[in-house]
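The primary structure of each chain is shown beneath.
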Amino acid sequence: MLKGNLKSLALLCGVTALAASLLVLSLGGFLALTSYGLILCAALLCLTAAVSRFTVPISSGDGKNYKSVADTFIFLTAMMFGIGPAALLAGVDGFLSTRRVTDKRLRVYLTAAAVFSTGVAVFVYQLIAQLSAGTLANDGEHFAPLGAVLLPLCGLALVQYGLNTFACVGYVALESGERMKFSREGIVWTSMAQVAGAASAALFYSGISGGGLSFVLIGTLIAGLVYLLYRFDEKRVLEMSRAEEEKLKHIREIADLHMNTIESLAIAIDAKDQTTHGHVRRTQIYAMELGKILGVREHELHALEAGALLHDVGKLAVPEYILNKPGKLTAAEFDKMKIHTVVGGDIIKRVNFPYPVEDIVRFHHEKWDGSGYPKGLKGEMIPLVARIISVVDFYDATRCDRPYRVGMKREDSLALLRRMAGSSFDPHVVDTFVGNIDFFDNLIADQDIQEQVASEDNPGIAGARPDAGLASDVLGSGDDSGYRSIVEAQREVFALHEIAQTIGSSLNMQDTVTLVSNKLRAIVPFDTCVIYLVDERSGKALAAHAAGEHAETFARRRVTIGEGITGWVIANARSMCNTPPELDLVGVPEEVCDKIKGVLISPLIRENGAFGAITLYSQTRASYTTEHVRLLESVSQHASVALNNALTFEKTKESALIDPLTELPNARAFHLSLEQRLAECQRLNREPVSVLCMDLDDFKKVNDAHGHGIGDRLLANVAGVIKKQLRQMDVLARYAGDEFVAIMPMASNEVAEMVAERIRSAVEAEQFPVRAGKTARIGISVGIACFPSDGETAEELLSSAGSNMQRQKHAGKLAPEDFSSSITSIESFR
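Sequence order sets the numbering: in each chain, residues are counted from 1 along the sequence as written. Reporting of local features is limited, given that this is a predicted model, to residues whose pLDDT is at least 70; pairs of side-chain atoms are given and counted only at 80 or more, and all residues count toward the totals for whole chains, interfaces and linings. The basis for the side-chain values is all heavy atoms of the structure; hydrogens and waters are excluded.

Some remarks on the overall build of the protein chain
Along the backbone of the protein chain there are 32 helices and 15 strands. Note on classification: 1.4 Å probe, protein chains only; a residue is buried when its accessible area is under 20% of the maximum for its type, exposed when over 50%, partly exposed between these limits. Burial statistics for the protein chain: of 830 residues in total, 48% are counted as buried. Within the protein chain, contacts between residues separated by at least 24 positions form 66% of all contacts whose residues are at least 6 apart in sequence. Surface summary for the protein chain: the accessible area is close to 39700 Å², and the carbon and sulfur share equals 58%. In this text, helices come from DSSP runs of H or I with a minimum length of four residues, and strands from runs of E with a minimum of two, each type numbered from the N-terminal end. In this analysis, two residues are considered to be in contact whenever any of their non-hydrogen atoms come within 4.5 Å of each other. Computed with a 1.4 Å probe, the accessible areas rest on the Shrake-Rupley method; for each residue, only the protein chains presented here act as cover.

Examining the packing of helix H27 (residues 667-683) against helix H31 (residues 794-811)
Each axis is a line fitted through C-alpha atoms, and for a helix only the stretch in contact is used; angles between axes span 0 to 180 degrees, taken between their N-to-C directions. With their axes 10 Å apart at the nearest point, H27 and H31 run at an angle of 115 degrees to one another. Here H31 runs roughly perpendicular to H27, going by the angle between their axes. In this structure, H27 contributes Phe-670, His-671, Leu-674, Glu-675 and Leu-678 to the contact, and H31 contributes Ala-794, Glu-795, Leu-797 and Leu-798. Throughout, the ten residues Ala, Val, Leu, Ile, Met, Phe, Trp, Tyr, Cys and Pro are labelled nonpolar, Asp, Glu, Lys and Arg are labelled charged, and all others, Gly among them, are labelled polar. A breakdown of the residues in the contact of H27 with H31 according to their chemical character gives six nonpolar, one polar and two charged. Put simply, angles under 35 degrees are roughly parallel, angles over 145 are roughly antiparallel, angles from 65 to 115 are roughly perpendicular, and the rest are oblique.

Here's the deal with the packing of aromatic side chains
Working definition: rings of Phe, Tyr and Trp (its six-membered ring) pair if their centres are within 6.5 Å, and the pair is stacked with planes under 30 degrees apart, edge-to-face with planes over 60 apart, and tilted otherwise. On inspection of all chains with the given rule, the structure shows eleven aromatic pairs. Among the aromatic residues, ring-to-ring pairing joins Tyr-286, Tyr-395, Phe-433, Phe-439 and Phe-440 into one connected group. Two conditions define a charge located above a ring, namely a distance within 6 Å from the ring centre to NZ of Lys or CZ of Arg, and an angle within 35 degrees of the ring normal. Over the ring of Phe-95 we find Arg-107, and its NZ or CZ is 4.0 Å from the ring centre.

Quick notes on the pattern of salt bridges
By definition here, a salt bridge exists when the distance from a side-chain nitrogen of Lys or Arg to a carboxyl oxygen of Asp or Glu is within 4 Å. The tally for this structure, following the rule as stated, stands at 18 salt bridges. Between Asp-704 and Lys-700 there is a salt bridge, with the nearest N and O atoms lying 2.9 Å from each other. On the criterion of helical spacing, the pair formed by Asp-704 and Lys-700 is a turn pair, its members being four residues apart in helix H28 (residues 699-706). With respect to class, Asp-704 is no different from Lys-700; both count as exposed. For Glu-757, the salt bridge is made with Arg-760, and the minimal N-O distance between the two is 2.7 Å. Of this pair, Glu-757 and Arg-760 both sit in helix H30 (residues 749-765), three residues apart, which is roughly one turn of that helix.

Thoughts on the sheet that holds strand E4 (residues 540-548)
One open sheet holds the six strands; their spatial order is E5-E4-E3-E8-E7-E6, and the pairing between them is antiparallel. The outermost strands of the open sheet, each flanked by one partner alone, are strand E5 (558-560) and strand E6 (576-577). Relative to E4, strand E3 (residues 528-534) runs antiparallel, the two sharing seven bridges. Residue Val-534 lies in a different strand from E4, and its bridge partner there is Ala-541. Strands in contact with helix H22 (residues 509-521) are E3, E4 and strand E8 (609-618); relative to E4, the strand with the most contacts, it is inclined by about 55 degrees. Against the sheet, helix H24 (residues 564-572) makes contact with E3, E4, E5, E6, strand E7 (598-606) and E8, and its axis sits at roughly 150 degrees relative to E8, the strand it touches most. Strand pairing is defined by DSSP finding a minimum of two bridges between the two strands.

A word on the sheet that holds strand E9 (residues 689-696)
Pairing is antiparallel across the open sheet formed by four strands, whose spatial order is E10-E11-E9-E14. With one partner strand each, in any of the chains shown, strand E10 (731-736) and strand E14 (780-787) form the two edges of the open sheet. The mean inter-strand angle of the sheet, taken between neighbouring strand axes irrespective of direction, is 20 degrees. Where E9 meets E14, eight bridges bridge the pair, whose relative direction is antiparallel. Residue pairing for E14: Val-689 is matched across the bridge by Phe-787.

Concerning H22
Spanning 13 residues, H22 covers 19 Å between terminal C-alpha atoms, matching the ideal 18 Å at 1.5 Å per step. For H22, the complete set of buried residues consists of Met-509, Thr-512, Val-513, Thr-514, Leu-515, Val-516, Ser-517, Lys-519 and Leu-520. To estimate the expected span of a helix, subtract one from its residue number and multiply by 1.5 Å.

Quick word on the nonpolar core
If you look at the biggest cluster of nonpolar residues, it comprises 43 residues, and the most contacted ones within it are Phe-75, Met-79, Phe-81, Tyr-109, Leu-153 and Leu-156. Listing elements by their share of this core, those giving two or more residues are helix H1 (2-25), helix H3 (35-52), helix H4 (71-81), helix H5 (83-97), helix H6 (104-132), helix H7 (146-176) and helix H8 (184-211). Excluding residues within four positions of it along the chain, Tyr-109 makes contact with Leu-11, Leu-12, Val-15, Ala-167, Cys-168 and Tyr-171. The next biggest cluster of nonpolar side chains, apart from the first, holds 39 residues, and it includes Ile-348, Val-357, Leu-416 and Leu-417. Only buried residues count toward a nonpolar core, which is a set of Ala, Val, Leu, Ile, Met, Phe, Trp, Tyr and Cys residues joined through side-chain atoms within 4.5 Å.

Section: the environment of Glu-675
Within the element layout of this structure, Glu-675 appears in helix H27. Overall, Glu-675 belongs to the partly exposed group, its relative accessible area being 39%. The sequence separation of Glu-675 and Thr-793 amounts to 118 residues, and the corresponding C-alpha distance is 7.7 Å. Those residues in contact with Glu-675, other than ones at most four positions away along the chain, are Ala-794 and Glu-795.

Digging into the state of the cysteines
Criterion for a disulfide: a pair of cysteine sulfur atoms within 2.5 Å. Across all of its chains, the model carries zero disulfides by this definition. Between Cys-46, a cysteine without a disulfide, and Cys-41, which holds the nearest cysteine sulfur, the sulfur-to-sulfur distance is 9.9 Å.

Observations concerning the pairing of strand E12 (residues 768-771)
On a regular strand, one side chain projects to one face of the sheet and the next to the other, so that they alternate. In this structure, E12 lies alongside strand E13 (residues 774-776), joined through three bridges in antiparallel fashion. Its bridge partner lying in E13, Phe-768 is registered against Ala-776. The hairpin turn running from E12 into E13, its antiparallel successor, is two residues long, and Gly-773 in that turn takes a positive phi close to 80 degrees.

Describing unusual backbone geometry
A cis geometry characterises the amide bond from Tyr-373 onward to Pro-374, with omega recorded as 10 degrees. Along the chain, the position of Pro-374 falls in the loop between helix H14 (357-363) and helix H15 (384-399). The omega torsion of the bond from Phe-787 to Pro-788 falls at 5 degrees, within 30 degrees of zero and hence cis. When you line up the elements, Pro-788 lands in the loop between E14 and H31. At Asn-578, a residue that is not glycine, the phi angle is positive and equals roughly 60 degrees. The residue Asn-578 is located in the loop between E6 and helix H25 (590-593) in this model. Here Asn-578 falls in the partly exposed class, since its relative accessible area comes to 36%.

Note that every value here comes from positions in space, so none of it alone points to a role or purpose.
Okay, here's the thing in structure tokens:
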């Protein structure tokens, strides 16, 4: 609208200046008139002023316009006196006939346009007259033959009509920011007036020049008939106006119905992205008010009204696990997320909105510096409506809690907007939005503004929480409690459905427990959520995840099964609520205990019993309802499956790298560790790394004499002896069968030989039990390879260490005794 106003103002100033210049330059024509000519010219001026007051409305493309029948006297004056007097009469007629136009600027423009168009038209009249007849009479006393002025008169009427029509329609188009529109009906009636005016002027001219009074009377009759026809049409125009108003009223009602439907669809779309229905209303208010301040055009305001609701419609094509993933999106997931702008744009394109909603949906993720998507548009190439939506949507999204991050305070969000201005956002749009944020927030309903994170400088919402309104006692208050209850019920159903669909989408334990707590927040109120899982080794329940108030305190908790409320719930596999929370807070700091008023706990159950629990603490609610218990148990049921799958996956992943017999890393884990250590050495200072390759001597005789069960137990005991001789930083692994390998970082060849000798001595000196009262001794061969002297890759080092071990074994450096003599009674060693 602002750009349109500047253009229309420039047109107004230009046409007014031309009209004034025309009148000034034509003053010489007035001075050349005789007294008779001046008197006749004054009489025509009076007649023009008199008939200009009698106007009738005619239909046009943009509403009503008013037309008088003074064109007859203007044309007559042009034929008799030339440009100056005719332009003066046109100005008087334009000013008086537009007295009912309320827009002062438009009235001035119409008057100036009448002067200018008439001046140009009279110039054309005189040019044609000189070219066709060779003579021109414009002193009011000498008259050219009627035949000589008919052709120039037609040119006068045509040019004046064309210029005046285009001037008026062009101004309206610039003012509204739309294309020029011409009304077929308006053209018909105004052209009739123009033809009648020209005909009347010709008859008046003929009568004055000597044709007689009859010509004057006929001309007057024609002008009167045109005026009566206009009056006859006035009633029809009024009836059409009423019908048009009724039609517009119906259209507005349909538009309101469509907008309500759009808002409902937008709420459903945002629910998929875990946003509240207040988000779409706030975004709409921010966008429309910001658009008004920036001076966008009317059709762009309509686009902002709908686009604020529908800008994320394309998220229907994005999987829920990506929309609500707690952690950072992978490159593939982000590519999937980016398609929502293209999909949404294609959806809106099929709707065929009469205003640029598609531009908003398709381009609201473009960035000012050109780094956005989907097209990489830069600067003002991005549609203004899309730039507005991107700013207000980013601001409100950062103000509210989402599954993947915590909301910001107002001052933090505005500071972030300022930092991103010039890179992600239009600096002018950001400055305007930030400068008017107080005005915008005052327009938003209290229940919607409370969904934003509280600000330090806004005490009116200081006590609001992201989950405010979920508890039953709050839901029951307010005039729209019925609507809010329906919305909350819908959110509960949706959250449960989302849990069933997406909570098992990841086998990562941390992602799974975070998804559970985030989904749970939408249906059961809490201030702190702790998810406990039983550790099979210690037998205690460990906090796998803590969210909310004092999360860092609860994240370190270890609960003994059977103790406290959480321990009782796990031991008995039953939910518990409304018991004194102090029973479950043993060991928790007193300042934290004093704040907690209520507790609700539900077990995580699998086939063999409970393996954990979901514990909710509340600082505002002393008791939970049976409905809350039901909802939490439903969530726990879905969570149990997902968490059990995640635990199984982690165990499987761990077993893929751990030897179950010795509980040492296996060959695969050894290779990964050695590759990583060698890469670090090559990248940094090439410090030495030694690899030991160890093989038990004549271990087959143990299996043959005592069976594989005894052999496996002996292997585990040997692993323990070897591990005691290594440093804490060293890595010992079971490579295969009776072969062990070790990585010794920062160990030279001399250090490795010393450790190898210590291992040989310790293993040979150990008496390993094989049967009741029986022990065995066994030898071990050790080969050494050192990085970088013996090799620079894992394969080279293992090959070198293995070769050295085999040489030692065959050389009989530690000549093994006969195995049967190594088995003695325990008493002989006492």
